[in-house]
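These are the residues of each chain, in order.
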Amino acid sequence: MTVLIIILTLILLITLILLIDVSFVFTIKEGFDFKIKVLGIPINVEKIAEKSGNKDKEKKPENNLAKKHKKKKTPSDIIDLITFLLDVIKAVVSQFVQYVRVKVCYVNIKVATSDAADTARLYGTVSGAVYTVVEFLDTLIKLKKDYKKISIVPDFTSETSEIKVKIILKIKVIHALLAVIHVLPTLSQGKKGR
């Protein structure tokens, strides 16, 4: 009888753990930030990355010349990152479309270049792309969006663009585990392509 109670308790515990929501928070402000929240408790991904980065630093010495010539992130780098993230999200969403919930907290983009005509063309391209992606995602998944929180404006007086985006993706643990199994081939193809 005691064994049966222990087994039922373990089954109940595993079931409760698998039903917990996991949130993935993607933020782009001055850099790209990624957080994971389980039961509202944030897991600091940066500290985990720093610990693994410290192990790599111990193995190989720093190259000061490479440090000086380190490229600053450009809008095309951010677009490449977003494209890769969209490929991963597409792989997840294609299998688990009914389970993934996405909330667009805010999208604030200030488009600016040194030339007013280029700013106008870039503004049209960016605003068309953002609203197209939002509507496309809305047709695929449960997307919580508020168009008042999506702001794309041209700035003809500045020379640098600013991007501020925050998106929260939620999924239950069991669906996340199944998604990871499904996404592994896509991630391995992405690493081979890079």
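Thoughts on the environment of Phe32
Phase 1: Within the secondary structure, Phe32 is located in strand β2 (residues 32-38).
Phase 2: Residue Phe32 is classed as partly exposed on the basis of its relative accessible area of 38%.
Phase 3: In sequence terms Phe32 and Lys164 are 132 residues apart; their C-alpha atoms lie 9.6 Å from each other.
Phase 4: If sequence neighbours within four positions are ignored, Phe32 has contacts with Phe26, Thr27, Leu81 and Leu85.

Description of the environment of Ala112
Phase 1: Structurally, Ala112 can be placed in the loop between β4 (101-111) and α5 (116-140).
Phase 2: Put simply, Ala112 and Ser158 are 46 residues apart on the chain and 5.8 Å apart in space, counted from C-alpha to C-alpha.
Phase 3: In contact with Ala112, other than residues within four places in its own chain, are Thr119, Asp155, Ser158, Glu159, Thr160 and Ser161.

Considerations on the confidence of the model for the protein
Phase 1: Of the residues in the protein, 76% reach a pLDDT of 70 or more, and the chain-wide mean stands at 76.
Phase 2: Averaged pLDDT values over the elements of the protein bottom out at 42 in helix α3 (residues 64-68) and peak at 91 in strand β6 (residues 150-154).
Phase 3: Below a pLDDT of 50 lies the segment residues 56-70, which in the model reaches one contact outside its immediate sequence neighbourhood of four places, other chains included.

A few points about a positive patch on the surface
Phase 1: On the surface, Lys37, Lys103, Lys144, Lys149 and Lys170 cluster together into a positively charged patch.
Phase 2: Among the structural elements, Lys170 can be located in strand β7 (residues 162-172).

A look at the pattern of salt bridges
Phase 1: Counting across every chain of the model gives five salt bridges.
Phase 2: The salt bridge partner of Lys110 is Glu162, with a shortest N-O separation of 3.3 Å. You can see Lys110 sitting in strand β4 and its partner Glu162 sitting in strand β7, a full 52 residues away along the chain.
Phase 3: Judged by relative accessible area, which is 22%, Lys110 ranks as partly exposed.
Phase 4: Taking the shortest distance from any N to any O, the salt bridge between Arg121 and Asp118 comes out at 2.8 Å. With Arg121 and Asp118 both in helix α5 and three residues apart, this pair spans about one turn of that helix.
Phase 5: Look at Arg121 and you get exposed, because its relative accessible area is 53%.
Phase 6: We classify Asp118 as partly exposed; its relative accessible area is 35%.
Phase 7: Within the structure, one salt-bridge network assembled from shared partners comprises Asp21, Arg101 and Lys172.

Considering the nonpolar core
Phase 1: Core analysis: the biggest nonpolar cluster contains 24 residues, and Val107, Ile109 and Val130 have the highest contact counts within it.
Phase 2: For this core, the secondary-structure elements that each account for two or more residues are β1 (21-28), β4, α5, β6, β7 and α6 (173-193).
Phase 3: If near-sequence neighbours (up to four positions away) are discounted, Val107 is found in contact with Val130, Lys149, Ile150, Ser151, Lys164 and Val165.

Analysis parameters
Each chain carries its own residue numbering, running from 1 in the direction its sequence is written. Only residues with pLDDT of at least 70 get local features here, since the model is predicted, and only at 80 or more are side-chain atom pairs given and counted; chain-wide, interface and lining totals rely on the full set of residues. To get the side-chain values, all heavy atoms of the structure are used, and hydrogens and water are removed first. Secondary structure elements follow DSSP: runs of H or I no shorter than four residues count as helices, runs of E no shorter than two count as strands, and numbering proceeds from the N terminus. Relative accessibility thresholds used throughout: buried, under 20% of the residue-type maximum; exposed, over 50%; partly exposed, between the two (1.4 Å probe, protein chains only). In this analysis, two residues are considered to be in contact whenever any of their non-hydrogen atoms come within 4.5 Å of each other. The predictor attaches a confidence to each residue, called pLDDT, with possible values from 0 through 100. To count toward a patch, a residue needs a relative accessible area above 30% and no salt bridge. Like charges then connect within 9 Å, nonpolar side chains (Val, Leu, Ile, Met, Phe, Trp, Tyr) within 5 Å. Under the convention used here, a 1.4 Å probe and the Shrake-Rupley method define accessible areas, while residue burial counts only the protein chains that appear. Just to be clear on terms, a salt bridge is a Lys or Arg side-chain nitrogen sitting within 4 Å of an Asp or Glu carboxyl oxygen. His residues and chain termini do not enter the charge count, which takes Lys and Arg as positive and Asp and Glu as negative. Here the site of a charge means atom NZ of a Lys, CZ of an Arg, CG of an Asp or CD of a Glu. To form a nonpolar core, buried Ala, Val, Leu, Ile, Met, Phe, Trp, Tyr and Cys residues must be joined to one another through side-chain atoms within 4.5 Å.

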